[in-house]
Amino acid sequence: MTAAAGTSDDTGATDAATEWLGVAPLSSLVENYDAMPDNVFKLRARAAGAEHVEMQMKTDGYMTAWMLYQLQGDEEAGKALIGEDAEILSNSNWQDIEKNR
């Protein structure tokens, strides 16, 4: 799962009952990630400094790698996301990364 780190996705507010939290605040990403079973490959990350409207372009490379790996078994594409040396982990354009493989 991906989201932007800018204020359109995460306003920094903490009380959903009285404040707009944003389109996809980090707190909701963490909650959804934690709710997914650990027996499936899961990954969450936020595009650093991006706003919600930029997400289609910002995520294209990793979304393509994810689909190639998941749907076609492309091990080379999987290297972008899987393992201790996954490319996404050293990409400064991404933050708040958590993954289970």
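What you are looking at is a predicted structure, and each value in this text was computed from that prediction instead of being measured.

(A) Summary view of a nonpolar patch on the surface. Together, Met1, Met36 and Val40 make up a nonpolar patch on the protein surface, roughly 190 Å² of accessible area in all. When you line up the elements, Met1 lands in the segment before strand S1 (2-4). Residue classification places Met1 among the partly exposed residues on the basis of a relative accessible area of 31%.

(B) Quick look at the pattern of salt bridges. Counted according to the given criterion, the structure contains five salt bridges. Close ionic contact of Arg46 with Asp10 constitutes a salt bridge, the shortest N to O distance being 3.0 Å. A residue pair is termed long-range when its members are at least 10 positions apart, and Arg46 in strand S2 (residues 43-47) and Asp10 in the loop between S1 and helix H1 (26-35) qualify at 36 residues. Note on accessibility: Arg46 and Asp10 belong to one class, buried. Between Lys42 and Asp38 there is a salt bridge whose closest N-O contact spans 2.9 Å. On the basis of relative accessible area, Lys42 is assigned to the buried category, the value being 3%. Residue Asp38 is classed as exposed on the basis of its relative accessible area of 60%. Taken together, the salt bridges that share partners define one network made up of Asp10, Arg46 and Asp96.

(C) Structural detail: the layout of surface pockets. Estimated volume of the largest pocket: approximately 190 Å³. Forming the walls of the largest pocket are 13 residues, and the residues nearest its centre are Met1, Thr2, Leu43, Met63 and Trp66. Mapped by element, the contributors of at least two residues to the lining of the largest pocket are S2 and helix H2 (55-72). Looking at the lining of the largest pocket element by element, the count peaks at three residues for H2. Looking at the lining of the largest pocket, its residues break down into 11 nonpolar, one polar and one charged.

(D) Spotlight on the side chain of Asp9. Within the element layout of this structure, Asp9 appears in the loop between S1 and H1. For the buried Asp9, no salt bridge exists, and the shortest N-O distance to an oppositely charged side chain is 7.2 Å, to Arg46. Residues contacting Asp9, with those up to four places away along its chain left out, are Ala3, Ala4, Leu21, Gly22, Val23, Ala24, Pro25 and His52.

(E) Structural context of H2. The first and last C-alpha atoms of H2 sit 24 Å apart over 18 residues, in line with the 26 Å expected at 1.5 Å per residue. The axis of H2 is deflected most strongly, by about 45°, at Gly61. Within H2 the residues assigned to the buried category are Met55, Thr59, Tyr62, Ala65 and Tyr69. At its buried positions, H2 is contacted by S1, S2, helix H3 (75-78) and strand S3 (94-99). Positive phi shows up at Gly73, right after H2, with a value of about 65°.

Each value, and the rule that gives it
- Residues numbered from 1 in each chain as written.
- Predicted model: local features only at pLDDT ≥ 70, side-chain atom pairs only at ≥ 80, totals over all residues.
- Heavy atoms only, no water.
- Patch = residues over 30% accessible without salt bridge, like charges linked within 9 Å, V, L, I, M, F, W, Y side chains within 5 Å.
- Areas by Shrake-Rupley, 256 points an atom, 1.4 Å probe, with all protein chains shown as cover.
- Salt bridge = Lys/Arg side-chain N within 4 Å of Asp/Glu carboxyl O.
- Helix = DSSP H or I, 4+ residues; strand = E, 2+ residues; numbered from the N terminus.
- Buried < 20%, exposed > 50% of the residue type's maximum accessible area, 1.4 Å probe, protein only.
- 1 Å grid on protein atoms, 1.4 Å probe; cavity = no way out; pocket = protein on both sides within 12 Å on 5 of 7 lines; lining within 4 Å.
- Points joined across faces, edges and corners; volume = space filled by probe spheres on them.
- Nonpolar A, V, L, I, M, F, W, Y, C, P; charged D, E, K, R; others polar.
- Lys, Arg positive; Asp, Glu negative; His and termini not counted.
- Contact = heavy atoms within 4.5 Å.
- Expected span 1.5 Å × (residues − 1).
- Bend = angle between axes of the 7 residues up to and from the residue.

Function cannot be read off these values alone, since they describe shape.
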